[in-house]
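# Architecture and fold: a report
Residue strings, one per chain:
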Amino acid sequence: MIHALLTRVGGTDWETIRLPLVLGLLALVPPVVFREGATYVSRLIILAAIFATLATALNIVFGHTDQLFLFVGALTGIGAYTTALSAEALGVSPWATLLIGALLTGVIGALVCYVAARLQFTVILIAILTLALQFAVIEFFVGARDITGGSTGLIFSGLGFESLQEGFGIHEHVILYYLVLALLGATFVFYEWLRDSTYGLAFDAIRQDEVAAESIGVDVVRYKVLAGFTSAFIIGLVGPLYAQLEGFVIPGLFEFQVIDVLVLIILIVGGMRTLLGPLVGAGLVVWIDEGLASTGEWRTVIFGALLIFLFLYFRQGVVPFADRILNDRFRTRERIATWRES
Amino acid sequence: MVSASVTQLVEFAIDGITQGLVLALLGLGITIVFGLGGVLNLSIGVFSAIAVVIAIELLGITSSLPLSIVLAVVAVTGLGLVVDKSLLSFVYRSEGEERVLLGIFVTLGLATLLDGLLVIARPSSYSLSVGVPSTTVFGAQIRGSSIAIIVISLALFAGLYYFFRRTYLGRATRTVLQDETGAVLCGISPRKMRTLVFVLSASIAAVAGILYSFTQQVGAAEGFELTILALIVSIVGGVTSIVGAVAAGLVLGLIATFTSAYVGAYVAEIALFAAAIVALLLQPEQVA
């Protein structure tokens, strides 16, 4: 609706103003929605933003290069654990070690993609490979008690701005929200740039026909590795922020059922290969999940049924679906306009 | 001293084989469905868990263990038939890679749904006691549960072997596995064979779950864990190879038991995943 309206009324190009508009609206969320004492709502909103960022990262590697990462949870965890543990070991603030975690996860993502591309893995093979990695990593988090603290984990709260909190009385959730939003915004800007760059073009070529892409000189392995690194790097940055929200780093936060299942649903429901799909999907899924809370024990059952339904009938995603409907309507209007003129 | 450690080794080996046979059954459940229909059934572990819960419930009513087990397997087989006729019909409409992805997502949704139902009905985990006494062979003690598991699973494997090698239906199934177009030309309906195999895999999963509960606790919480174990066995065995799945189950069972005994339980779990990853890297063409 907004799409059609904007293009019709202002004559503005939706494509160019959509990103600043959406980010601007998101920046208004804390003053409008966050309330003192209502940390429950603000936590959910931050969580949705975190999952939107994860889904955008998965969108790059899975949506654009067909490499299905089923270890987003493990990567998030590696990012969080590395940041927390290295900060502790070096005696510095987690701010300083944030990049170490992200770089490590980036390298892991790149390595997995390199091996998979070299051995010419199909999408299903990468899915199984990363699924096995996911469970091995969680098993390690739980088992290596001396390093990770086992299932009780570590307390984590280093990514705040205490001076801001105390000096101006700003709630920690407000600060965290803007941190996550900064990362989400940066990811969005990067994604928008990526799609229009040579990389985006190469990704499309590889996804449509790998052999043909190779034959015209696209270095398939290199681009796949780049996509893997980028996505894993972003996921590695999200990890510590996610841990900051929860207040601790424990294996249970990063399990397949907790992260990967949700991220996949968000991406597919929102719409793969779209900019706003992950955001819309994350909002929708967190909202549905919350709405189901009143159903108590039936929550999982309904969620599972919903999953099946969405995958069977809504695979193209909400954003492409809405886009198509609006475009159809828009064209109808256009036709009426030309008919009147004549 | 030497003989004591040898005895211990033998005992560990028997434990490993016992665990391996159950793993082999689980892996087989994944393998036959993926090989025949291209659907990676991620809800298989929940089928196993449901079988255990039903068997426990029935045991309270019938107070006969064999009867309860048989009825539980029949019930889960019925569930498999319902799933095949409803959900999988939608999945089989798509082709190739899309079908594989859709299969993963739909069975993942199904696993979540069934898991939720199971938690509502019976949230805790159970183990069945077999009532077979332990025996001592050459100084090595063999648990009654091990004897029961080995006997039942070997009988099941023999039955499956006979089915796939000797019966018309079994051969027809393997024809579809090898060459779908050829099978159609011979008048075999791939869809019917897929239903048959999915139902078969559901009953295998049910038996595997019940055998697993002879030595471990099984319930809603263990469902997905069993799926992952099944997946690993199936991958190491080459995903579409029936013999491979059985061999992989045995090897992994032995690896897990010995690593667990000599190194530590969590290393054993990681070793299983490492084995799966190595198998993937060494023989990817068999899996795809």
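Quick caveat, the model's predicted, so the values are computed rather than measured.

## Let's talk about the overall build of chain A
The helix and strand tally for chain A stands at 17 helices and two strands. In terms of overall dimensions, chain A is globule-like: its C-alpha atoms have a radius of gyration of 21 Å, near the 20 Å expected for 342 residues. Counting only C-alpha atoms, chain A reaches 80 × 55 × 40 Å along its principal axes. Burial statistics for chain A: of 342 residues in total, 45% are counted as buried. For chain A, long-range pairs separated by at least 24 residues make up 77% of all intrachain contacts whose partners lie at least 6 apart in sequence.

## Notes on the overall build of chain B
Tallying secondary structure elements over chain B gives twelve helices and two strands in all. Counted from the first residue to the last, chain B has its helices and strands arranged as α-α-α-α-β-β-α-α-α-α-α-α-α-α. Here chain B has a C-alpha radius of gyration of 19 Å; the compact-globule value for 288 residues is 19 Å, and the two agree. A principal-axis box enclosing the C-alpha atoms of chain B has dimensions of 65 × 50 × 35 Å. When the 288 residues of chain B are sorted by exposure, 48% land in the buried category. Taking the contacts inside chain B whose residues are at least 6 apart along the sequence as the reference set, 75% of them involve residues at least 24 apart.

## Some words on the interface of chain B and chain A
Listed as interface residues are 35 residues of chain B and, on the opposing side, 30 residues of chain A. Going through the elements one at a time, α3 (65–91), α4 (96–121), α9 (223–236), α11 (265–282) and α12 (284–287) of chain B are the ones with two or more residues in the side of chain B that touches chain A. The leading source of residues in the side of chain B that touches chain A is α4 of chain B, at 16 residues. The residue makeup of the side of chain B that touches chain A, split by class, is 29 nonpolar, three polar and three charged.

## Side note on helix α10 (residues 172–196) of chain A
Given a rise of 1.5 Å per residue, 25 residues ought to cover 36 Å, and the 37 Å separating the end C-alpha atoms of α10 of chain A matches this to within 8%. Looking at the buried positions of α10 of chain A, the neighbouring elements they touch are α2 (14–27), α3 (29–33), α4 (39–63) and α13 (220–246) of chain A.

## Quick notes on unusual backbone geometry
Residues and elements named next belong to chain A. Phi angles above zero are rare outside glycine, and Q120 is one such case at about 55 degrees. One can find Q120 in the loop between α6 (94–118) and α7 (123–143). A positive phi angle is found at R273, which is not glycine, with a value near 60 degrees. Summarising the element assignment, R273 is placed in the loop between α14 (260–270) and α15 (277–291). The class for R273 is partly exposed, based on 18 C-beta atoms found within 10 Å.

## Some details on the packing of α4 of chain A against α13 of chain A
Residues and elements named next belong to chain A. The N-to-C vectors of α4 and α13 enclose an angle of 165 degrees; their axes lie 8 Å apart at closest approach. On the basis of the axis angle, α4 is roughly antiparallel to α13. The interaxial crossing formed by α4 with α13 has left-handed handedness. Here R43, I46, L47, I50, T53, L54, A57, L58, I60 and V61 of α4 lie close against α13, whose contacting residues are A227, G228, T230, S231, I234, I235, V238, L241, Y242 and L245. Its residues placed into classes, the contact of α4 with α13 shows 15 nonpolar, four polar and one charged.

## So, the environment of L281 of chain B
Topologically, L281 of chain B is positioned in helix α11. Distance from L281 of chain B to G237 of chain B, taken between C-alpha atoms, is 13 Å for residues 44 residues apart in sequence. Aside from chain neighbours lying at most four places away, what touches L281 of chain B is V115 and L119 of chain A.

## Points about the environment of Q67 of chain A
Residue and element names in this part refer to chain A. Residue position: Q67 is located in the loop between α4 and α5 (72–90). Among the residues examined, Q67 registers 27 C-beta atoms within 10 Å and is labelled buried. C-alpha of Q67 to C-alpha of S294: the two residues are 227 residues apart in sequence and 37 Å apart in space. Non-local contacts of Q67, meaning those with residues more than four positions away in its chain, are made with V61, F62, C113, A116, I126, K224, A227 and G228.

## Structural notes on the packing of α5 of chain A against α7 of chain A
Residue and element names in this part refer to chain A. α7 packs onto α5 with a crossing angle of 35 degrees between their chain directions and a minimal axis gap of 8 Å. Where α5 crosses over α7, the two elements pack in a sense that is left-handed. In this structure, α5 uses G73, A74, G77, I78 and Y81 to contact α7, whose residues at the interface are L133, Q134, V137, I138 and F141.

## What to know about the confidence of the model for chain B
The share of residues in chain B with pLDDT of 70 or more is 97%, and the mean pLDDT across the chain is 88. This complex was scored by the predictor with a pTM of 0.86 and an ipTM of 0.82.

## What about α14 of chain A?
Because each turn of an α-helix spans 3.6 residues, side chains separated by three or four positions in sequence point in the same direction. Of all eleven residues making up α14 of chain A, eleven are buried, and the element is well covered by its neighbours. Turning to α14 of chain A, its buried residues are D260, V261, L262, V263, L264, I265, I266, L267, I268, V269 and G270 of chain A.

## Considering the environment of D196 of chain A
Following the sequence through the fold, D196 of chain A ends up in helix α10. Sequence separation between D196 of chain A and T82 of chain A is 114 residues; the distance between their C-alpha atoms is 33 Å.

## Side note on the confidence of the model for chain A
Model confidence for chain A is summarised by a mean pLDDT of 87, while 93% of its residues fall at 70 or above. In the model of chain A, helix α1 (residues 2–9) of chain A stands out as the element of lowest mean pLDDT, 51, in contrast to α13 of chain A, which has the highest, 96.

About the thresholds
- Residues numbered from 1 in each chain as written.
- Chains lettered and ligands numbered in written order.
- Predicted model: local features only at pLDDT ≥ 70, side-chain atom pairs only at ≥ 80, totals over all residues.
- Helix = DSSP H or I, 4+ residues; strand = E, 2+ residues; numbered from the N terminus.
- Rg over C-alpha atoms; globule rule 2.2 N^0.38 Å.
- Buried ≥ 20, exposed ≤ 12 C-beta atoms within 10 Å, placed from the backbone.
- Contact = placed C-beta atoms within 7 Å.
- Nonpolar A, V, L, I, M, F, W, Y, C, P; charged D, E, K, R; others polar.
- Expected span 1.5 Å × (residues − 1).
- Axes fitted to C-alpha atoms, helices over the stretch in contact; angles between N-to-C directions.
- Parallel < 35°, antiparallel > 145°, perpendicular 65-115°, else oblique.
- Left-handed = near helix turned anticlockwise from the far one by under 90°.
- pLDDT = per-residue confidence, 0-100.

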